[in-house]
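A look at the structure
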Amino acid sequence: MRVSLNTQILLGAVTGIGLGLLLTSLGVDSIASQRTLYVAGLLGNVFVDLLKMILVPLVFTSIAVGVANLRAHQQIHRVWTITLAFFVLSMAIAIVIGLSATNLFAPGKGLSLALFQSGTTQVAAQHMTLAEFALSFFHSLFVNPFAALAQGNVLAIVIFALFLGIALVIGGERYRNILVLLQEGLELTLRIVGWIMRLAPIGIMALLTKLVATQDATLLASMGKFVAVVIGSTLLHGAVVLPLLLWLVTRVSPLHFWRGAREALVTAFATSSSSATLPVTLRCVQQHLHVRPEIAGFVIPLGATVNMDGTALYEAAAALFIANHAGIDLNFIQQLIVCFTAMIAAIGAPGIPSAGMVTMVMVLQSVGLPAEAIAILLPIDRLLDAFRTAVNVEGDMVGSLVVQKFVGRSD
Ligand code: ASP
C-alpha cells in the first residue's frame with residue numbers, strides 16, 4: 001500500500017511530537033537525548049536549507065511568469081487590488097482579535113516584576129521609531145537584483161520580478177525567448193521542489209522533535225496566561241475566521257481547504273518561516289487547491305513577506321501584555337496606534353523565525369513602552385512563532401483562493 005505524501009507528513013509530525021515528549025520525559029540532558037537532538041537538528045537543518053536553496057529561483061521565476069501571464073490577460077490590476085485589499089482586511093481582523101482577547105483576559109497584570117527586570121537588562125534592543133522604520137522599509141524595496149538574489153531578500157526579488165514580468169509583456173514578441181526561458185526555469189524549480197518534498201516527513205519529524213524537547217516548561221508556565229491567550233486567539237483566527245471568510249467568498253469547505261493546505265501548514269509550524277515554507281505553499285495551492293499558477297505565483301510569494309495575520313495579531317497582543325506588565329493602561333487612541341503599527345510591523349517583518357520580535361520594537365515605542373521588554377518574550381518565542389507562522393501561511397493560501405474567485409468572476 002502506498003501512503004500519500006500528505007499522510008506521511010502528518011505521520012512525521014505526530015512522531016516528531018511524540019519523540020520530543022519522550023525526550024523531555026527522559027531528561028534532555030541525558031546522553032541519549034543529546035544524541036537524538038543532535039541528529040534531529042542535523043536533519044531539520046538540511047530540510048530547511050534545501051527549501052531555502054530553491055526559494056530564490058522559485059520566487060523570481062514564479063512572480064515574473066505569473067505577472068507576465070496576468071498582464072497578458074489584462075488581469076493584473078484586478079489581482080493587485082484584490083490581493084492587497086484582502087491582505088489588509090485579514091490582518092486588521094487578526095489584530096482586532098488579538099487586542100480584544102488581551103483586553104478581555106488581561107494577561108500580564110500582576111506578573112512578577114523581577115522576571116521583567118532580570119530579562120530586560122540582558123537585551124539591548126535596537127530602538128526604532130515608526131518614521132525610521134518606514135524609511136528603512138521603503139529603502140529596502142528597490143535593491144540591485146543581483147544583491148537581492150544573492151542575499152535571498154525575498155521582498156526585493158518580488159519587486160524586481162514584478163517589473164521584469166510587466167516589461168516582458170509590454171515588450172511582446174521581441175522578448176518571447178526570455179519569457180519561455182523563465183517559464184521553463186519555473187517548471188524546473190518546481191520539479192526540484194517535488195524532490196525536496198520527499199524529505200519533508202523526516203525533516204518535519206526532526207524539527208518538531210527538537211521544538212518540543214527544547215521548550216522550557218517552567219518558563220512557559222510562568223507566562224501561561226499570555227501563552228494561552230496568544231495561542232487561543234491565533235487558533236481562533238486560523239481555525240474559525242479565515243476558513244469562514246474563505247467559505248463566505250468562495251464556498252470552499254474548510255475540510256477541503258485543510259486537506260489541501262496541510263503540507264504547508266505543518267511545514268510552517270515546524271520551520272517557523274513563511275519564506276522557507278513558500279515552495280511548499282505554492283505547491284499546495286496549485287496542486288491540491290487548484291489555484292491558477294499565474295495567481296498563485298503572484299499572491300503566494302508576495303503574501304509570504306507582506307501578509308502575516310498571525311504576526312499582526314501577536315504584535316498587538318504582546319504590546320498590550322507588556323503594557324499590563326509594566327502597569328500602564330493604554331487608552332483607546334493608544335490601542336488604535338498599536339493596531340496601525342502592528343500592521344506595519346507585520347508587513348515589514350521578513351518571513352523568517354522570530355522576525356516579528358524585531359519589528360515589535362516599533363510597536364512598543366509607538367506608545368512609549370520600553371523596547372527592552374521584548375526580552376521577556378524572546379525565551380517563549382519559538383513556540384508562539386510556530387503557531388503564528390502557520391496562520392501567516394494559511395492567510396496567504398486563503399488569499400490566493402479569494403483572489404482567484406474574484407478574478408475568475410470577471411473573466
Ligand atoms: N516567523 C514568522 C514568519 O515567518 C514571522 C514572525 O516572526 O512573526 O511568518
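Here is a short report on the structure shown in this document. (Residues numbered from 1 in each chain as written. Predicted model: local features only at pLDDT ≥ 70, side-chain atom pairs only at ≥ 80, totals over all residues. Heavy atoms only, no water.)

1. What about the site of the ligand?
Neighbouring the ligand are 15 residues; S274, T311, G356, D385 and R388 lie closest to it. Note that an oxygen atom of the ligand is positioned 3.3 Å from one of the backbone N or O atoms of G351. G356 is positioned such that a nitrogen or oxygen atom in its backbone is 2.8 Å from an oxygen atom of the ligand. In isolation the ligand offers 270 Å² of accessible surface; the protein chains occlude 100% of this area. When atoms are counted within 2 Å of each cavity's grid points, the one that captures over half of the ligand is the largest cavity. Of all the secondary-structure elements, those providing two or more residues to the shell around the ligand are α17 (355-366) and α19 (381-410). (Near = heavy atom within 4 Å. Polar contact = N/O pair within 3.5 Å; in protein donor to acceptor, adjacent residues only side chain to side chain. Areas by Shrake-Rupley, 256 points an atom, 1.4 Å probe, with all protein chains shown as cover. 1 Å grid on protein atoms, 1.4 Å probe; cavity = no way out; pocket = protein on both sides within 12 Å on 5 of 7 lines; lining within 4 Å. Sits in = over half its atoms within 2 Å of the grid points. Helix = DSSP H or I, 4+ residues; strand = E, 2+ residues; numbered from the N terminus.)

2. A word on a nonpolar patch on the surface
Together, Y38, V39, L42, L43 and I202 make up a nonpolar patch on the protein surface, roughly 480 Å² of accessible area in all. The leading source of residues in the nonpolar patch is helix α2 (residues 31-72), at four residues. Within the fold, L42 resides in helix α2. (Patch = residues over 30% accessible without salt bridge, like charges linked within 9 Å, V, L, I, M, F, W, Y side chains within 5 Å. Salt bridge = Lys/Arg side-chain N within 4 Å of Asp/Glu carboxyl O.)

3. Here we look at the side chain of S62
The residue S62 is located in helix α2 in this model. The exposure class assigned to S62 is buried, which follows from its relative accessible area of 3%. Not counting residues within four places of it along the chain, the set of residues in contact with S62 comprises L186, L282, G297 and P301. (Buried < 20%, exposed > 50% of the residue type's maximum accessible area, 1.4 Å probe, protein only. Contact = heavy atoms within 4.5 Å.)

4. Focus: the environment of Q335
Along the polypeptide, Q335 turns up in helix α16 (residues 332-348). Taking the C-alpha atoms as reference points, Q335 and L245, separated by 90 residues in sequence, lie 25 Å from one another. Excluding residues within four positions of it along the chain, Q335 makes contact with L99, N103, L320 and L330.

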